[in-house]
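The lines below spell out each chain.
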Number of protein chains: 2
Amino acid sequence: MERSAEDLTARARIRDAAIRLFGEQGIEGASIRDIAAAAGVSSGLVRHHFGSKESLRAACDRYAKDRMLQIGAELTRDHDLTGLDPLALHPLAFPLQLYLVRSMMDGSETATALFLEGVDAVEDWTKSFGIDPKDRRGYAAALAAIKLSVFVFRDQVSKAIGEDITTLEGYNRIGQALMEVFTIPLLTQEQTDTMRNQEK
Amino acid sequence: MERSAEDLTARARIRDAAIRLFGEQGIEGASIRDIAAAAGVSSGLVRHHFGSKESLRAACDRYAKDRMLQIGAELTRDHDLTGLDPLALHPLAFPLQLYLVRSMMDGSETATALFLEGVDAVEDWTKSFGIDPKDRRGYAAALAAIKLSVFVFRDQVSKAIGEDITTLEGYNRIGQALMEVFTIPLLTQEQTDTMRNQEK
DNA sequence: GACTTGACTACACGATCGTGTAGTAGTTTG
DNA sequence: CAAACTACTACACGATCGTGTAGTCAAGTC
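For clarity, every value in this text was computed on a predicted model and none was experimentally measured.

### A word on the protein's contact with DNA strand D
Item 1. By nearness alone, 15 residues border DNA strand D, and Ser42 of chain A together with Ile32, Arg33, Arg47 and Lys53 of chain B come closest of all.
Item 2. One of the backbone N or O atoms of Ile32 of chain B is found 3.0 Å from a phosphate oxygen in DNA strand D.
Item 3. Lys53 of chain B is positioned such that a nitrogen or oxygen atom in its side chain is 2.6 Å from a phosphate oxygen of DNA strand D.
Item 4. Contributing elements (two or more residues each) for the surface near DNA strand D: helix H3 (43-50) of chain A together with helix H2 (32-39) of chain B.
Item 5. Sort the elements by how many residues they give to the surface near DNA strand D and H3 of chain A lands first, with four residues.
Item 6. Looking at the surface near DNA strand D residue by residue, the classes come out as five nonpolar, six polar and four charged.

### Some thoughts on helix H1 (residues 10-25) of chain B
Item 1. A rise of 1.5 Å per residue sets the reference length of H1 of chain B, with its 16 residues, at 22 Å; its end C-alpha atoms lie 22 Å apart and thus fit the reference within 8%.
Item 2. Looking at H1 of chain B, one finds that the buried residues are Ala12, Ile14, Arg15, Asp16, Ala17, Ala18, Ile19, Leu21, Phe22 and Gly23 of chain B.

### Some remarks on helix H5 (residues 94-105) of chain B
Residue and element names in this part refer to chain B.
Item 1. Over its twelve residues, H5 runs 17 Å from end to end, which matches the ideal 16 Å to within 8%, given 1.5 Å per residue.
Item 2. Taking burial as the measure, the twelve residues of H5 include eleven buried ones, the bulk of the element.
Item 3. Here H5 has its buried residues at Phe94, Leu96, Gln97, Leu98, Tyr99, Leu100, Val101, Arg102, Ser103, Met104 and Met105.
Item 4. Of the residues flanking the end of H5, it is Gly107, one or two places downstream, whose phi is positive at about 95°.

### Focus on the protein's contact with DNA strand C
Item 1. Close contacts around DNA strand C come from 15 residues, with Ile32, Arg33, Arg47 and Lys53 of chain A together with Ser42 of chain B the closest.
Item 2. What you see for DNA strand C is that sugar and phosphate hold 57% of its atoms within 4 Å of the protein.
Item 3. Residue Ile32 of chain A places a main-chain N or O atom 3.0 Å away from a phosphate oxygen belonging to DNA strand C.
Item 4. Here a phosphate oxygen of DNA strand C and a side-chain polar atom of His48 of chain B are 3.3 Å apart.
Item 5. Breaking the surface near DNA strand C down by element, the ones donating at least two residues are helix H2 (32-39) of chain A together with helix H3 (43-50) of chain B.

### What to know about the packing of aromatic side chains
Item 1. Counted according to the given criterion, the structure contains ten aromatic pairs over all chains.
Item 2. On the basis of an interplanar angle of 40° and a centroid distance of 5.3 Å, the ring pair of Trp125 of chain B and Phe129 of chain B is categorised as tilted.
Item 3. Taking relative accessible area as the criterion, Trp125 of chain B reaches 8% and is therefore assigned buried.
Item 4. Overall, the relative accessible area of 43% leaves Phe129 of chain B in the partly exposed class.
Item 5. The ring of Tyr63 of chain A carries the charged tip of Arg15 of chain A above its face, separated from the ring centre by 3.7 Å.

### Topic: the pattern of salt bridges
All names here are of chain A.
Item 1. Tallied over the entire structure, the rule returns 20 salt bridges over all chains.
Item 2. Lys65 serves as the salt-bridge partner of Glu117, at 3.1 Å between the closest nitrogen and oxygen. You can see Glu117 sitting in helix H6 (residues 109-128) and its partner Lys65 sitting in helix H4 (residues 53-78), a full 52 residues away along the chain.
Item 3. For Lys65, a relative accessible area of 16% puts it in the buried group.
Item 4. In the salt-bridge network here, residues are joined through shared partners; they are Glu54, Arg57 and Asp106.

### Here's the deal with the packing of helix H8 (residues 154-161) of chain A against helix H6 (residues 109-128) of chain B
Item 1. The N-to-C vectors of H8 of chain A and H6 of chain B enclose an angle of 50°; their axes lie 10 Å apart at closest approach. On the basis of the axis angle, H8 of chain A is oblique to H6 of chain B. Note on packing geometry: the crossing formed by H8 of chain A with H6 of chain B is right-handed. Taking contact as the criterion, the partners of Gln156, Val157, Lys159 and Ala160 of chain A in H8 of chain A are, on H6 of chain B, Thr112, Phe115, Leu116 and Val119 of chain B.
Item 2. Of the residues in the contact of H8 of chain A with H6 of chain B, the class split is five nonpolar, two polar and one charged.

### Observations concerning the UniProt feature "DNA-binding region" (unreviewed entry) in chain A
Item 1. Following the UniProt record, one finds the feature "DNA-binding region" (unreviewed entry) at residues 31-50 of chain A.
Item 2. Structurally, residues 31-50 of chain A is divided into 80% helix and 0% strand, and its ends, taken at the C-alpha atoms, are 14 Å apart.

### Here we look at the environment of Arg102 of chain A
Item 1. One can find Arg102 of chain A in helix H5 (residues 94-105).
Item 2. We classify Arg102 of chain A as buried; its relative accessible area is 15%.
Item 3. Spatially, the C-alpha atoms of Arg102 of chain A and Val152 of chain A are 8.5 Å apart, while their sequence positions differ by 50 residues.
Item 4. Look past the residues within four positions of Arg102 of chain A in its chain and what remains in contact with it is Phe22, Gly23, Glu24, Gln25, Gly26 and Ile27 of chain A together with Met105 of chain B.

### Section: the packing of helix H7 (residues 136-152) of chain A against helix H7 (residues 136-152) of chain B
Item 1. Across the interface, H7 of chain A lies against H7 of chain B with an axial gap of 8 Å and an inter-helix angle of 100°. As judged from the angle between their axes, H7 of chain A and H7 of chain B are roughly perpendicular. The segment H7 of chain A lies against H7 of chain B, with Ala145, Ile146, Ser149 and Val152 of chain A engaging Ala145, Ile146, Ser149 and Val152 of chain B.
Item 2. Residues that form the contact of H7 of chain A with H7 of chain B fall into these classes: six nonpolar, two polar and no charged.

Analysis parameters
Within any chain, residue numbers begin from 1 and follow the written order of that chain's sequence. Chain A is the first chain written and ligand 1 is the first ligand written, with later ones labelled in order. Restriction of local features to residues with pLDDT of at least 70 applies here, the model being predicted, together with a cutoff of 80 or more for giving and counting side-chain atom pairs; totals for whole chains, interfaces and linings are based on all residues. The side-chain numbers reported here are obtained from all heavy atoms of the structure, hydrogens and water having been left aside. Note on definitions. A residue lies near a molecule or strand when any single heavy atom of the residue is within 4 Å of it. Here a polar contact means two N or O atoms within 3.5 Å. Within protein one must be a hydrogen donor candidate and the other an acceptor candidate, and residues neighboring in sequence count only if both atoms are side-chain atoms. Each helix corresponds to a stretch of at least 4 residues labelled H or I by DSSP, and each strand to a stretch of at least 2 residues labelled E; elements are numbered beginning at the N terminus. In this count, Pro and Cys sit with the nonpolar residues alongside Ala, Val, Leu, Ile, Met, Phe, Trp and Tyr, while Asp, Glu, Lys and Arg are called charged and the others, Gly among them, polar. Expected span, for any helix, means 1.5 Å times one less than how many residues it has. Exposed residues in this analysis have more than 50% of their type's maximum accessible area, buried residues have under 20%, and partly exposed residues fall in between, with area computed by a 1.4 Å probe over protein chains only. Working definition: a ring pair exists when centres of Phe, Tyr or Trp rings (six-membered ring for Trp) sit within 6.5 Å. Plane angles under 30 degrees give stacked, over 60 give edge-to-face, the rest tilted. Here, a charge over a ring means that NZ of Lys or CZ of Arg falls within 6 Å of the ring centre while also lying within 35 degrees of the ring normal. One side-chain nitrogen of Lys or Arg within 4 Å of one carboxyl oxygen of Asp or Glu is enough to make a salt bridge. Axis lines are fitted to C-alpha atoms, over the contacting stretch for helices. Their N-to-C directions set the angle, which ranges from 0 to 180 degrees. With respect to orientation, any angle under 35 degrees is reported as roughly parallel, any angle over 145 as roughly antiparallel, any angle of 65 to 115 as roughly perpendicular, and every other angle as oblique. Note on convention: near helix rotated counterclockwise from far helix by under a right angle means a left-handed crossing. Clockwise means right-handed. Contacts are residue-level and defined by heavy atoms, with any inter-residue pair within 4.5 Å sufficient. UniProt positions are given in the numbering used here, feature names are shortened, and annotations may be inferred rather than shown by experiment.

Quick look at the structure:
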């Protein structure tokens, strides 16, 4: 994704185009022919390299997951932060995140597995940082979902703040805002307990 | 959605089926024939009542939006809470939320408008409750996106906590967890500032 | 009682989809 | 040099999609 398109093999160009189009338009919304055109090859070559649309999606799943873990490893190596990693907020990971979200919504097991690993990581992180919610697992799951929310609603969020969050500036801005959500307590413990009781 | 299917007019049954199938399978993923079959009518009748798939979607947009605002009004009347309303977490609103999220991702202006109204509401709420983030608009947009995130990843979240969040119990559980996210500060103000500087 | 109207169905249309088949050009291998 | 393999294209197939057309049937209207 970061290299120039001409230097890549046709197979890599197809895979990158698939990740982009699947992410932007959904799995069903992007056709083999669309992907082939975006990669500058014939639709037959897509089939030649990947066999079927489902196999192509599986290949995209594996690649996107590996790349995400790789990027995450590099980030935590470069500057170890709080654990609430900006992994999800890295420009290089943007198309990958977009794709993985779509793949999840389409029922992908690989993408869902990545989500579950993310929940595990958040759960471990809460332990090591002494955060002790009443429902640790549910808490971790909610946080994992939250980390992905800005990707799903990128168009709506961009429109709301009047700034494209796919650009570096907008990206940082919404990232900061997201951090503030985790910094400023919105409810007191008493309010949370009150609402718990109200819902019988 | 809450009345029994037999009592509804065919037009209402089609609309309800469309909202459900669009929400579950996406706009492109649900065909006119699927919707007609789910409503127990012929595909021609869908066209007769709504003209085209796009018009059907627009009708669903309007209905879902109106119902959501209506439900929200009833909730705030019954028991006025903190303003971080459990509107988004009401079982009755579940299929509507699911649909609206899909419609948003499909580029619906009506659904996007509802999102923007939600951001406005959150923004007003932060003011009246004395919450003063550095970027109020971005903060409100992030919160609005967060409120919808559990709907998008309902399957993944359900799998993560080992409990179906479409049931009332699972629903309340993830709702509680979400509330705790807003109750327990994860980061200190210094940490947030540190991360801001790191991203140059 | 003829006429209109609206709910509803059956069926056919062109377009697009994923997929299958056949074949070409260039490189590798024996 | 011939055989084999790989990357790649062109084209045709059945299925499904949204849509269009024609018609049935029952309830009202004059």
